[in-house]
Amino acid sequence: MRYGGQGVNERYACAVVRYMIDLFYTGDRFRKAKYYTENMVCIAPRRGEGGCRILHRGCRVCLNRQNVTSVVGSYQMICAAGDEKRKGAICRYSSVLENVAGTPRLTLLHISEEPGMVFRLTDVVEQTYFLGEEDILYLESGHNRVYWHTGRGTVEVAGTLTNTESGLPDTFVRIHKSFIVNSRHVETINRCYAELSNGERLQIPVKRYTDVRRKLIVRRESTRQSGGRLRKA
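Overview of the structure. (Residues numbered from 1 in each chain as written. Predicted model: local features only at pLDDT ≥ 70, side-chain atom pairs only at ≥ 80, totals over all residues. Heavy atoms only, no water.)

1. Some points on the pattern of salt bridges
Rule in force here: Whenever Lys or Arg places a side-chain nitrogen within 4 Å of a carboxyl oxygen from Asp or Glu, that contact is recorded as a salt bridge. Under the scheme used here, helices are H or I runs from DSSP no shorter than 4 residues and strands are E runs no shorter than 2 residues, and both carry numbers assigned from the N terminus. The classification of residues rests on relative accessible area computed with a 1.4 Å probe and restricted to protein chains. Under 20% of the type maximum is buried, over 50% is exposed, and intermediate values are partly exposed.
Going through the model one piece at a time under the given rule, you end up with eight salt bridges. Residue Arg92 is joined to Glu134 by a salt bridge in which the shortest nitrogen-to-oxygen separation is 2.8 Å. A residue pair is termed long-range when its members are at least 10 positions apart, and Arg92 in strand β7 (residues 90-100) and Glu134 in the loop between β10 (128-132) and β11 (136-141) qualify at 42 residues. On the basis of relative accessibility, which here comes to 32%, the residue Arg92 falls in the partly exposed class. Using a relative accessible area of 17% as the deciding quantity, one classes Glu134 as buried. In this structure, the salt-bridge partner of Asp211 is Lys215, at a minimum N-O distance of 3.4 Å. A residue pair is termed a helical-turn pair when its members lie 3 or 4 positions apart in one helix, as Asp211 and Lys215 do in helix α4 (residues 209-222) at four residues. Looking at Lys215, the relative accessible area reads 28%, which means it is partly exposed. By sharing partners, the salt bridges in this structure join Asp211, Arg214 and Lys215 into a single network.

2. Here's the deal with the nonpolar core
Here is the rule: We call a set of buried Ala, Val, Leu, Ile, Met, Phe, Trp, Tyr and Cys residues a nonpolar core when their side-chain atoms join them within 4.5 Å. Should any heavy atoms of two residues lie within 4.5 Å, those residues are considered in contact.
Residues Met20, Val71, Tyr75 and Tyr93 are the most contacted members of the largest nonpolar core, which totals 26 residues. Considering each element in turn, this core owes the most residues, nine residues, to helix α1 (residues 10-24). When residues no more than four places from it in sequence are discounted, the contact partners of Val71 are Ala13, Cys14, Val17, Cys59, Arg60, Val61, Tyr93, Ser94, Ser95 and Leu97. By size, the runner-up hydrophobic cluster in this structure holds 15 residues, among which are Tyr138, Ile175, Val186 and Ile204.

3. Here we look at the environment of Ser74
You can see Ser74 is positioned in strand β5 (residues 68-79). As for Ser74 and Ile111, which are separated by 37 residues in sequence, their C-alpha atoms are 8.9 Å apart. Ignoring any residue separated from it by four or fewer positions in sequence, one finds Ser74 in contact with His56, Arg57, Gly58, Cys91, Arg92 and Tyr93.

4. Structural notes on the packing of aromatic side chains
Basically, it comes down to this: Working definition: a ring pair exists when centres of Phe, Tyr or Trp rings (six-membered ring for Trp) sit within 6.5 Å. Plane angles under 30 degrees give stacked, over 60 give edge-to-face, the rest tilted.
According to the stated counting rule, one finds five aromatic pairs in the structure shown. Each ring, one from Phe119 and one from Trp148, has its centre 5.3 Å from the other, and the planes form 50 degrees; the classification is tilted. You can see Phe119 sitting in strand β9 (residues 117-122) and its partner Trp148 sitting in strand β12 (residues 145-150), a full 29 residues away along the chain. For the pair Phe119 and Trp148, a shared accessibility class is recorded, and that class is buried. With 6.4 Å between their ring centres and 85 degrees between their planes, Phe119 and Phe172 make a pair best called edge-to-face. Within this pair, whereas Phe119 is found in strand β9, its partner Phe172 is found in strand β14 (residues 172-176), the two being separated by 53 residues in sequence. Note on Phe119: relative accessible area 2%, which makes it buried. On the basis of relative accessible area, Phe172 is assigned to the buried category, the value being 7%.

Written out as C-alpha cells, the structure is:
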C-alpha cells in the first residue's frame, strides 16, 4: 500500500509525477501508464519538440492527505543544438494525485512554460554542466577564467567576461569590469553595491552607477516573472 493514514509516501509521489511528465513527451505511452485516472485533466501549452529531453530541477509535495496529494515542481526542456547555448523552456507544473486502490494516480496535471535559456558549459576539468538562465546569480572574471555563480555552486570556465557577455540574454547586466549580474536576482541597488537574492553584495563603481541602475531597472521590469521588484536602498 502506497497510502497510509498520513497520506502517500512523498518521495514516491514525486517519482510518479516526474515519471508521468517524462512519458507526456513520448505520446501514447503517457495514456498507457497506470498512474492516471480515467477522468484526468491535463493542461499544457504544447508537446515537446523532437530532439528535446527533460531535465528535472525540483519537486515537492505541498499537500498530503489520506486520499489526495498535491505535487509541484519544475523542469527544463533541453533541445539538441551544436553551439554552447541550448534554448529551452523552463516548465513549472502542479498536479493532484488521488488514492486509487492504494496507488497514487494523476487526476490533474497543469504545465506552464516560461521563456528562458539553458547554457551548456564545459569547465576547466572538462566536466559538462547545463545551467538554466534563472539559476545563474552572476558571472565573475579572473585570470582568463569566467566563474558562473549559482545558488548551488560555481562553474569555472576558461575564457573572458567580454567574450562571454556578447552571448548572454538581455537579463544580464555588466555592473563592473569583473561582474555581470542576472537582473532577476538583484534585490537592492545603491551607489556602492548591488545586493542579490542570496545576500551577496557586488560592487558598482560610482562613475557607472547611474547607467547601471537604469539598465537594471529596465531589464528587471521588462522580464519580471518572479513577482519581486527592484528597489533602491
